[in-house]
Amino acid sequence: QVQLVESGGGLVQAGGSLRLSCAASGRTFSSYAMGWFRQAPGKEREFVVVINWSGGNTYYADSVKGRFTISRDNAKNKVYLQMNSLKPEDTAVYYCAASGVGDSDSPRDYHYWGQGTQVTVSS
């Protein structure tokens, strides 16, 4: 069992930066791939990025490539999402999630989800 709690969301102007954090409980955190997803009002949940268990492999959605960076600290049971050059279209609730399947971009492969943190980018 893994419990996830996101933090770090907020309101930022276009071009600004935010750093999201996801704190995980459970001794098996390091065995999970960790992903970030987002969901805007009226839209489906969208894959953002995933990092494998060791942090040695990452995969980004094209929409955020070059602007967002994922990292993890297995000693602290945390995963981070550094978001730079934010755009109004990045506005959404951001969720971190844990997958026992591997580096997947499908929400179906994620077994544990946080409650989400709101990111709002003003133009």
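These numbers come from a predicted model, not from an experiment. For every chain, the first residue of the written sequence is number 1, and numbering continues from 1 along that sequence. The predicted origin of the model limits local features to residues at a pLDDT of at least 70 and limits the giving and counting of side-chain atom pairs to 80 or more, whereas totals for whole chains, interfaces and linings rest on all residues. The basis for every side-chain value is the complete set of non-hydrogen atoms in the structure, without hydrogens or water.

**Regarding the packing of aromatic side chains**
Part 1 of the reasoning: To pair, rings of Phe, Tyr and Trp, with the six-membered ring standing in for Trp, must have centres within 6.5 Å; the planes then decide the type, stacked if under 30 degrees apart, edge-to-face if over 60, and tilted in the middle. Here the structure, examined in full by the defined rule, presents seven aromatic pairs.
Part 2 of the reasoning: A ring pair is formed by Tyr95 and Trp113, whose centres lie 6.4 Å apart and whose planes are at 80 degrees; its orientation type is edge-to-face. Placement of Tyr95 in strand E9 (residues 92-99) and of Trp113 in strand E10 (residues 112-113) is noted, with a sequence separation of 18 residues between them.
Part 3 of the reasoning: Through successive ring pairs, a cluster of aromatic residues spans Phe37, Phe47, Tyr59, Tyr95, Tyr110 and Trp113.
Part 4 of the reasoning: The ring centre of Tyr80 lies 4.0 Å from the NZ or CZ of Arg19, which sits over that ring.
Part 5 of the reasoning: A cation over a ring is seen here: Arg72 above Phe29, with NZ or CZ 4.6 Å from the ring centre. Secondary structure counts use DSSP, requiring at least four H or I residues in a row for a helix and at least two E residues in a row for a strand, with both numbered from the N terminus. By the criterion adopted, a ring carries a charge over it if an Arg CZ or a Lys NZ lies within 6 Å of its centre and within 35 degrees of its normal.

**Points about the environment of Asp103**
Part 1 of the reasoning: As for its placement among the helices and strands, Asp103 is situated in the loop between E9 and E10.
Part 2 of the reasoning: Here the term buried applies to any residue with accessible area under 20% of the maximum for its type, exposed to any over 50%, and partly exposed to those in between, with areas from a 1.4 Å probe on protein chains only. The exposure class assigned to Asp103 is partly exposed, which follows from its relative accessible area of 37%.
Part 3 of the reasoning: Separated by 70 residues in sequence, Asp103 and Ala33 place their C-alpha atoms 5.9 Å apart.
Part 4 of the reasoning: Only heavy atoms enter the contact rule, under which two residues are in contact if any of them lie within 4.5 Å. Setting aside residues up to four positions removed in sequence, Asp103 forms contacts with Ala33, Val50, Asn52 and Asn57.

**Overview of the sheet that holds strand E3 (residues 18-24)**
Part 1 of the reasoning: A pair of strands counts as paired when DSSP detects no fewer than two bridges linking them. Spatially, E1-E3-E8-E7 is the arrangement adopted by the four strands of the open sheet, whose pairing is antiparallel. Since the sheet does not close on itself, it has two edges, and those belong to strand E1 (4-7) and strand E7 (68-73), each with one partner. On average, adjacent strands in this sheet sit at an angle of 15 degrees to one another, irrespective of strand direction.
Part 2 of the reasoning: Examined bridge by bridge, E1 and E3 share four bridges and lie antiparallel to one another. Across the sheet, the residue bridging to Glu6 is Cys22, located in E3. Here an axis means a line fitted to C-alpha atoms, over the contact stretch when the element is a helix, while the angle between two N-to-C directions is reported on a 0 to 180 degree scale.

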